[in-house]
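# Understanding the architecture of this molecule
The residues making up each chain are set out below.
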Amino acid sequence: MTQKHTPTPWAIRSCDRFEGGEPVTEIYSTVTDEVIANDQTYYPQAVKPQNARLIVPAVNAYEELLAALKRINGDLSELITAEHDDHTPESNCLLCSALFTSYAAIAKASPQAQ
C-alpha cells in the first residue's frame, strides 16, 4: 500500500527548539503540525531556509497545477485532433510541441512515475 504524503498545506516557521540555542527553521504541515524537515544537522539532509521557501509553495500548489495541466492537455489534444491527424513529437507544429511537452510534464509530476 502506498503511503500518502504529509497533508498540505505546508508552511515554514522559525522556532526555538532548544533553550538558548539558535532558532530552527522547519517545514511543517499546518493540518497535523508534523515537522517534515528542518535545518538541523541530525536530519539526513538539512533544509536551508531558502530551499524551504522554494519547496513549500511548490508542494502547496502541486495538485492544482497538475489538474490545470491535465485540463490544458485535454483541450490541446482535442484542438489538435480537429486540426490534423499526424501529431508527433517530431512535427514542427507548435500545438503538437505543447501537447507532448505537457504529456512529459504530467508523467514526471504524477506520483506513479516516482
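Below you will find a few notes about this structure.

Parameters at a glance
- Residues numbered from 1 in each chain as written.
- Predicted model: local features only at pLDDT ≥ 70, side-chain atom pairs only at ≥ 80, totals over all residues.
- Heavy atoms only, no water.
- Pairing = 2+ DSSP bridges.
- Helix = DSSP H or I, 4+ residues; strand = E, 2+ residues; numbered from the N terminus.
- Buried < 20%, exposed > 50% of the residue type's maximum accessible area, 1.4 Å probe, protein only.
- Axes fitted to C-alpha atoms, helices over the stretch in contact; angles between N-to-C directions.
- Contact = heavy atoms within 4.5 Å.
- Phe/Tyr/Trp six-rings, centres within 6.5 Å; stacked < 30°, edge-to-face > 60°.

Moving residue by residue along a regular strand, the side chains alternate between the two faces of the sheet. Looking at chain direction, strand 2 (residues 24–29) and strand 3 (residues 35–38) are connected through three bridges and run antiparallel. If you follow E26 over to strand 3, its bridge partner there is N38. Taking the residues between adjacent antiparallel strands as the criterion, strand 2 and strand 3 are bridged by five residues, where D33 takes a positive phi near 70°.

For strand 2, the buried fraction is high: six of the six residues fall into the buried class. Burial along strand 2 is two-sided: V24, E26 and Y28 facing one way and T25, I27 and S29 facing the other are all buried. The pairing of strand 1 (residues 10–15) with strand 2 spans six bridges and is antiparallel. Along strand 2, the bridge assignment pairs A11 with Y28.

The sheet built from three strands is open, its strands ordered 1-2-3 with antiparallel pairing. Every other strand in the sheet has two partners, leaving strand 1 and strand 3 as the edge strands with one partner each. Geometrically, the sheet is characterised by an average inter-axis angle of 25° between neighbouring strands, direction not taken into account.

Attention shifts here to the environment of C15. Here C15 is to be found in strand 1. The spatial distance from the C-alpha of C15 to the C-alpha of E26 is 7.9 Å, given a sequence separation of 11 residues. If near-sequence neighbours (up to four positions away) are discounted, C15 is found in contact with P23, V24 and E26.

Attention now goes to the packing of aromatic side chains. Tallying each qualifying case throughout the model produces one aromatic pair. An angle of 75° between the planes, with centres 5.4 Å apart, marks the rings of F100 and Y103 as edge-to-face. Highlighted residues: F100 and Y103, both in helix 2 (residues 94–109), separated by three residues, approximately one helical turn. The exposure class assigned to F100 is partly exposed, which follows from its relative accessible area of 24%.

What follows is about unusual backbone geometry. Cis geometry is found at the peptide bond from T8 to P9, where omega equals 5°. Relative to the helices and strands, P9 resides in the segment before strand 1. Phi at D33 is positive, roughly 70°, even though this residue is not glycine. Its place among the elements puts D33 in the loop between strand 2 and strand 3. Take D33: its relative accessible area is 45%, and that puts it in the partly exposed class.

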